[in-house]
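Here is what each chain is made of, one letter per residue.
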Amino acid sequence: MNKPTGRYVMAAWAAACVLTPLPGHAQQDGPNWPNKAIRCIIPTAPGGGSDQIVRLLGQRFTQAWGQQVVVDHRPGAGQTIGIDLVAKATPDGHTIAVVNPSHAINATLMAKLPYDPVRDLAVVTIMATQPYAMVFTPSFAPKSVKELIAAAKARPRELVFVSSGPGSASHLAAEMFVAMAGIEMTHIPYRGTGSVMPDLIAGRVPMMINPVLAMINQVNAGRLRLIAVTSSKRLATLPDTPTIAETVPGYEAISWYAMIAPAKTPPAIIAKLQGETVRALKAPEIVDVMAKAGADPLGTTSREAEAFVKLEIERWGKVIRQAKVQIN
């Protein structure tokens, strides 16, 4: 399997770690952790890629620690509602969250956050990375990236793309495509992947760029057409699916899933969370599910993960400024 996504993270970490010291953590060992259920906040609506990641890992965590992992969906305000709950939670390892690139995007997109994304949160690990999928509804006339660009140039701003929310990673990945392709399209934001899916499947809206893991089941069921992926190279598991870069040279967008915890969570607990996540990501059934969706299981160290997120804040900040993306 090609691993452009893994190389992407490690190259980013190598560039960032020499520039960014790690924040301090309270020096406790937390030997009795966990001693109650672990609350895993997902700051997006049900039905997205984070859901699938937590479902894959949750059972293994319960087997390892003898405590349930309780999923708590807290969508809203570009994920900041759920993330703020983690930032302000008791730092005892019993409240964590799974986030995606919106966590880094918000640092630039939001004029005022209720938390500091670097100072107030510890990044336990980058669990996986994957490209986005460009998907069309079966009734959408264009059948390729090239045909989409031609149609958009012929009818500026008439063609529509949807996203999981204003300023979301799916929104910015599409804005980056529109800018690099030299076209004009109209953006319609929804509230999460789960809310957009019924309209997308029904053909009421024509296309979306969203993580492969969140879209692959509908593609496999024939409800959506997979047009292209956003990695720099074709995926070994989807060899017949072209990349957007084959039509728009230089285009690349990578999604990721990270586990975060309150910043003062004891280092020993962070290490236990990270270690068990790495073991779970190596399980054959998890590797198989992720591979079929073009995802690259990683399980980075906390040091690598925190440096990577800082670099992602810089990278997406540049995209936001260039695209002049604003939210009300």
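This text follows the structure it describes.
Computed from a prediction, not measured in an experiment: that's the story for all the values here. (Residues numbered from 1 in each chain as written. Predicted model: local features only at pLDDT ≥ 70, side-chain atom pairs only at ≥ 80, totals over all residues. Heavy atoms only, no water.)

**Looking at the layout of surface pockets**
Step number 1: Approximately 630 Å³ is the volume attributed to the largest pocket.
Step number 2: Looking at the largest pocket, it is lined by 36 residues, and the ones nearest its centre are Q79, S164, G165, S168 and G192.
Step number 3: Every element with two or more residues in the lining of the largest pocket is listed here: helix 2 (49–65), helix 4 (102–109), helix 6 (169–181), strand 7 (207–211) and strand 9 (254–262).
Step number 4: Per-element tally for the lining of the largest pocket: the top contributor is helix 4, with three residues.
Step number 5: Tallied by class, residues from the lining of the largest pocket come to 16 nonpolar, 19 polar and one charged. (1 Å grid on protein atoms, 1.4 Å probe; cavity = no way out; pocket = protein on both sides within 12 Å on 5 of 7 lines; lining within 4 Å. Points joined across faces, edges and corners; volume = space filled by probe spheres on them. Helix = DSSP H or I, 4+ residues; strand = E, 2+ residues; numbered from the N terminus. Nonpolar A, V, L, I, M, F, W, Y, C, P; charged D, E, K, R; others polar.)

**Side note on the pattern of salt bridges**
Step number 1: Taken as a whole and assessed by the stated rule, the structure comprises eleven salt bridges.
Step number 2: Across the salt bridge formed by R204 and D199, the nearest N and O atoms sit 2.8 Å from each other.
Step number 3: Through salt bridges with shared partners, one network takes in R39, D72 and R74. (Salt bridge = Lys/Arg side-chain N within 4 Å of Asp/Glu carboxyl O.)

**Describing unusual backbone geometry**
Step number 1: W33 connects to P34 through a cis peptide bond whose omega is -5 degrees.
Step number 2: Note that P34 resides in the loop between helix 1 (4–17) and strand 1 (38–42).
Step number 3: Of note in the backbone geometry, A77 takes a positive phi value of approximately 55 degrees without being a glycine.
Step number 4: When its relative accessible area of 45% is taken as the criterion, A77 is described as partly exposed.
Step number 5: Positive phi is not limited to glycine here, since Q79 has a value of about 80 degrees. (Buried < 20%, exposed > 50% of the residue type's maximum accessible area, 1.4 Å probe, protein only.)

What is shown is where atoms sit, not what they do.
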